[in-house]
Structure formats: C-alpha cells, structure tokens
Amino acid sequence: MLFQFLLSIFDADKVMQTMVASESNVQELELGKKKKSQEEADRISCLHDAIIYHIFSFVSTIDVVQTSILARRWRHLWTSVPTLDFDDDEFSIANGEDEFVHFVNKVQSCYKAQQIQRYHLSIKQARNSNFLETWVRFAVEHNVQELYLDLPHGRPFEVSFCQSVRVLKLHGDLKLPASGCFSSLEHLSLLGVQLTNDNGILDVTSEHYPLLRSCSLKSCMGLNCLNINCSLLEHLDVENCFDLDQLHVSAGKLRFLSVQSSFTYGIDTGWVEIAAPSLQTFEWLDYITDNFSIGNFTCLKSAHTSLVFHYHPEKKESYMKNARKFLHHLACAETLHVEMPCLWGLHSNKELLEGLSTKLFNLKHLTLLVSLDDHVLRGVSCLIRSCSNLEILHIHTIDEHIQEELNNSFPDLSHFDQRESWSYQRRPLDHLSEAKIYGFRGKEHEIEFMQFLLEHAITLKRMIILFSGQVFVDQVMKTQMAEKLMKFTKASPDAVVSCP
C-alpha cells in the first residue's frame, strides 16, 4: 500500500512538472510572438522615408493623414509626403459643406516639402471650388511635377503658367493661356475640357511647349482650330472634339497620329494640313475635307482609316480626287485597316481603283470592315488588285445595306495593262498566305468571292471562314456551304479551307 501511495505521489509530481513546463512554454511562445510582432512593427518603422512615401503615393491624402495614429514616427510624416491627392467624393455632404475645404487648407498649411511630385485635385461639387486658384497656386509654388485637375463644369478656370510641371492632365471648364511657357511639360492631356478661349484656337508650339512629347485631346468642346508645331512631339491623339474645323500639324518626330470623330460632316471651311515625315502609325476615322494636305509618310508602318467624304453626285470628281489623294499617302504602310465608308467611294469607280494599282506596294496585312453586299465585295476585289505583296487578308462583316446598285465585275487578274508597274512583276495575290472572313452568310456573291481568292492565291496556306450567327446554328446549312467551298479549284496545293 505504501509503495502504491508513493508511486501515486511520484506520478502526480511528474504530472505537475509537466503542467508547469507546458505553462512556461506557452508563456515563452506568447512572449516570442509579441517580440516578433514588435520586431515587425519596428521593421516597418525602420523603413526609409522614400519607401514609405512610395507606399503613400497609392492612397489618397485623407488616408495618409489617418496613418499618423499608427506610429509615433509617422505622426508628422504626412506633412512631407511628395504626393497630394484630394477628392471631395471622399467627404460626406452631411458632414458639412466646408469639411473638404477645411481639410485641404489644413494639409497645405502644414505642408513642409519643397517640391510636390504629384498633385491631384478632383472636385465634383461646385461649392468646393472657391479656393481653386489658391490651391493650384500652392502646387505651382511647390514646383509640382505632375498636375491633375478634375474640375466641375460651369466655373471656367484659367490654367496658370508653370515652369516645373512635366505632366498636365485637365478635365473641366478651362481657359488655356493663349501664350506663355510650360518649359518642362512633356505630356499634355485634355479630357472633357470646355475651352473658354474667345476664338476657339489652341496653339501648341515649341515656343511655349519646347519639351512636349505627347498630346491627347478627347471630348473637348469649344475647340475650333488646333495648331500643333512641336519639334519633339511623338504622340498626338484627337478624339470626339466635335467643334473642330481646322487642324494644322507640323512635327518632325511625330510617330503616332490619331484623329477620330472630330470634324463636322459637310462643312466646306474645314482645313487639314499634316507634315509628319517620321510618322509610323496613322489613324484617321473622320470626315475628309476638300482642303486636305498631308506630306509623304515614308516611314509609315500601320494605317487605320474610315474615310467619310462630303459626297454629292455633282461633286463626284472632287470626291474621287480626295480619295485618290488620301490613299496615295498610305502607299508605304505594311498594315492597313479600312472601314466600310472608304469603300463606298472605291467600289463605285473602277478608274479610281485601277489608279491605285502601283500605290500599296508595301502592304502585307489588310483588314476590312465591310458589309458583304455584292457591289462591296467587287470593290474589295479591286482594292486587292493594288496590293501586290499582300500576305494576310481579314474581312470583318457588318449588316449594312447600301441602296445603290452597281454592276462592276470582279477584275481579271490574268491580264494587266502594260503601263502598270508591279513590284517584282508578280500578280497581286502571289504572296497571300492567309485569308480570314468573319460573319460569312453563304450568299452567292460571297461564295464567288471565296472562289475568286482560292483560284488566284498561289501561296495560300489557310482560309478560315467564320459563319454568321444565323448560319452557325444551322448545322445542315453550315455543312452544305463548307462542302461547296471545299470543292473549288485551288491555285495553291497547300491551301486548307477551315470552317470552325
């Protein structure tokens, strides 16, 4: 009995030792976790200011200020952060209409940095714009590098000169200075801007913008005349500036130019002059005025056009002259995307199409957005005749019907006028390796066009035909069309017709 009692005491004592040891381990573990947490906190606190500033650059200023409660070291760090981002959407109207104004004024009064890297001011409520001039002047006085202003309409604001700003993005009712200097500006963006200049003229010249490299104007109102003359400009984008009547561009280093939906259809006073000898990408999805002058684009690689001419039957000669003149300047392009309105002029005049036979000699990739009406496809076949080195042809179809009935026939590609000069003395489809047609409906003239390609493309490797939705769901019709296409004679022994 005594032995059992002693044994029980020993076992109990062992159990107690185990429990004490376990509690000690738990305490040590918790102590370790706390120490590790403190070390991690210290690690964050030990980050260099530049890294913390970089982190702060991804959040708004109100969030940056709120971080001051996280660590003693951060208490005043926000007063020197190089990026300021103010947005009145982050302030509830119910909290008082002066809350946003008070916050911006307080932050700027406590600010200690000598230079602002980025200043972003977004105001949706007109009542918050009473101090606008003061706030922007504050950014200018602190040598702001990037200035973003998103302002409410109805309160025109004149942009002050700023020698330090490199990036300027503006939205709202603005009045740009007719003269002045943005000597460091490299990127200018105007989005949804209502220009309040008296004459609607915007001059962007090297005299005032000597370092400008990119300029983007989108949905700008009140812009009647745009004069661009910048020696270093490389990128110009003009889109949905509906009041535009005149465009003058002179830029020796310009590589990208896009003009979309800005000129008013039918305005006889329209005037376009473009001198850009280094241009590589050209997009013109707009109305072509009678007064249209562009230089030689000898460096052109890619072009995208949807020509809309001011066409009346009595002005047919002028219409064709403008079309021929415009397309002549695309001769050096290797990739060309043409939308349907351009072909309205092409397919209706065989003389014009034949006149293009020596023009598109560099073209390798042609994409067309057209309707697959009979007369349009006849125009397409004529257009292909001017592409002696074409390798890839993509046709995207739309359900658009042109009322005019034309009786042009597919051109005979076996015979050519000896006066025509063809690159390498080859036929136009000798290089075509891929043809892809989207929205094929199986109409007789569509099938004839496919046959036309198969019989003349001697290096064709694949023809891909994607049926329209109506045909795609009808498996019987789809199979019948595919079988009919497979039976056509192929000029290329390697040609494969695919109808996925």
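Residues numbered from 1 in each chain as written. Predicted model: local features only at pLDDT ≥ 70, side-chain atom pairs only at ≥ 80, totals over all residues. Heavy atoms only, no water.

Per an unreviewed UniProt entry, the chain carries the name F-box/FBD/LRR-repeat protein At4g03220 isoform X3 and comes from Phoenix dactylifera.

### A short note on unusual backbone geometry
Rules: Only DSSP runs of H or I with at least four residues qualify as helices, and only runs of E with at least two residues qualify as strands; both kinds are numbered from the N terminus onward. Whether a residue is buried, partly exposed or exposed follows from its accessible area with a 1.4 Å probe, protein chains only, as a fraction of its type maximum: under 20%, in between, or over 50%, in that order.
Even without being glycine, S219 reaches a positive phi, approximately 55°. Within the secondary structure, S219 is located in the loop between β10 (214-218) and β11 (225-229). Accessibility expressed as a relative area gives 31% for S219, which makes it partly exposed.

### Looking at the environment of R75
Its location among the elements puts R75 in the loop between α3 (61-66) and β1 (83-87). For the pair formed by R75 and V65, sequence separation is 10 residues and the distance between their alpha carbons is 8.5 Å.

### Observations concerning the sheet that holds strand β15 (residues 271-275)
Formally: By this definition, two strands are paired if DSSP reports at least two bridges between them. Fitted lines through C-alpha atoms serve as axes, helices being fitted only where they are in contact, and the angles separating the N-to-C directions of these axes extend from 0 to 180 degrees.
Taken together, five strands build an open sheet; the order of strands is β9-β11-β13-β15-β18 and the sheet is parallel. Single-partner strands in this sheet number two, and they are β9 (201-205) and β18 (291-294). This sheet shows a mean twist of 5° between the axes of neighbouring strands, independent of strand direction.

### Notes on the packing of aromatic side chains
Aromatic ring pairs: the centre-centre distance and the angle between the two ring planes describe each pair. Note the threshold: Pairing of aromatic rings covers Phe, Tyr and Trp, the last counted by its six-membered ring, and requires centre-to-centre distances within 6.5 Å; plane angles under 30 degrees mean stacked, over 60 mean edge-to-face, and any other angle means tilted.
If you walk through the whole model with that rule in mind, you get 16 aromatic pairs. Each ring, one from Y111 and one from F138, has its centre 5.9 Å from the other, and the planes form 70°; the classification is edge-to-face. Of this pair, Y111 sits in the loop between α4 (99-110) and β2 (118-122) while F138 sits in helix α5 (residues 132-141); the two residues are 27 residues apart in sequence, bridging distant segments of the chain. Centre to centre, the rings of W284 and F292 are 5.1 Å apart; their planes meet at 90°, and the pair counts as edge-to-face. Here W284 falls in the buried class, since its relative accessible area comes to 0%. For F292, a relative accessible area of 6% puts it in the buried group.

### Some remarks on the environment of S261
Stated precisely, the cut-off is as follows: Any two residues whose heavy atoms approach within 4.5 Å at even a single point are treated as in contact.
Summarising the element assignment, S261 is placed in the loop between β14 (256-260) and β15. Residue S261 is classed as partly exposed on the basis of its relative accessible area, which comes to 37%. Taking the C-alpha atoms as reference points, S261 and C241, separated by 20 residues in sequence, lie 7.1 Å from one another. Excluding its chain neighbours within four sequence positions, the residues that come into contact with S261 are N240, C241, F242, L285 and D286.

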